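# Inside the fold
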Amino acid sequence: DFDPEVVQQAQRPELPVVFGDAEDGEFLDTLPLHEARWVVSTMREAELNVALFKALRARGIRAPVAAAAHNERDAARLRQAGVDRILMPYW
């Protein structure tokens, strides 16, 4: 998450939570993403989710990616980019 308060509240021994910016490639490189079984993004902006998906693939991360869409236009953009699962929690 990029909100330090949310990170602090979410911390659990069994669930590591880190503060960072998904648009920052250096931040992505600090995460153990090669071990991930899934990458799930709930960011509100479709373009950020697309950028994250592309950055993961550029780094050789092959885990399936699920991303939130807030309307049909965003869902279509995510599908077009190749996102594996579209989450539609707001409609």
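Look a little higher up for the structure.
Since this is a predicted model, take the numbers as computed values, not measurements.

### What to know about the overall build of the protein
When its secondary structure is counted, the protein shows 4 helices and 3 strands. N-terminal to C-terminal, the α/β element order of the protein is α-α-β-α-β-α-β. For 91 residues, the compact-globule formula gives about 12 Å, and the C-alpha radius of gyration of the protein, at 13 Å, lands near that figure. Considering only C-alpha atoms, the protein reaches an extent of 35 × 30 × 20 Å along its principal axes.

### Section: the nonpolar core
Side chains of nonpolar character tend, in soluble globular proteins, to be buried together. Judged by nonpolar contacts, the single largest core of 19 residues is most densely connected at Leu-56, Leu-78 and Val-83. Mapped onto this core, the elements with two or more residues apiece are α2 (25–30), α3 (46–58), β2 (65–68) and α4 (72–81). When residues in this core are grouped by element, the largest group, 5 residues, is from α3. Setting aside residues no more than four positions away along its own chain, Leu-56 makes contact with Leu-33, Val-39, Ile-61 and Val-65.

### Quick look at the sheet that holds strand β3 (residues 85–87)
Spatially, β1-β2-β3 is the arrangement adopted by the 3 strands of the open sheet, whose pairing is parallel. The open sheet has two free edges, formed respectively by β1 (39–41) and β3, since each of these has just one partner strand. Across this sheet, the average inter-strand angle for adjacent strands is 15°, counted without regard to direction. As paired strands, β2 and β3 are joined by 3 bridges and run parallel to one another. Bridge pairing in β3 places Ala-66 opposite Arg-85. Taken strand by strand, α3 contacts β1 and β2, and its axis lies near 165° from that of β2.

### Overview of the environment of Glu-45
Inspection of the secondary structure assignment puts Glu-45 in the loop between β1 and α3. Looking at Glu-45, the relative accessible area reads 44%, which means it is partly exposed. Separated by 29 residues in sequence, Glu-45 and Asp-74 have C-alpha atoms that sit 8.2 Å apart.

Definitions and cut-offs
- Residues numbered from 1 in each chain as written.
- Predicted model: local features only at pLDDT ≥ 70, side-chain atom pairs only at ≥ 80, totals over all residues.
- Heavy atoms only, no water.
- Helix = DSSP H or I, 4+ residues; strand = E, 2+ residues; numbered from the N terminus.
- Rg over C-alpha atoms; globule rule 2.2 N^0.38 Å.
- Core = buried A, V, L, I, M, F, W, Y, C linked by side-chain atoms within 4.5 Å.
- Buried < 20%, exposed > 50% of the residue type's maximum accessible area, 1.4 Å probe, protein only.
- Contact = heavy atoms within 4.5 Å.
- Pairing = 2+ DSSP bridges.
- Axes fitted to C-alpha atoms, helices over the stretch in contact; angles between N-to-C directions.

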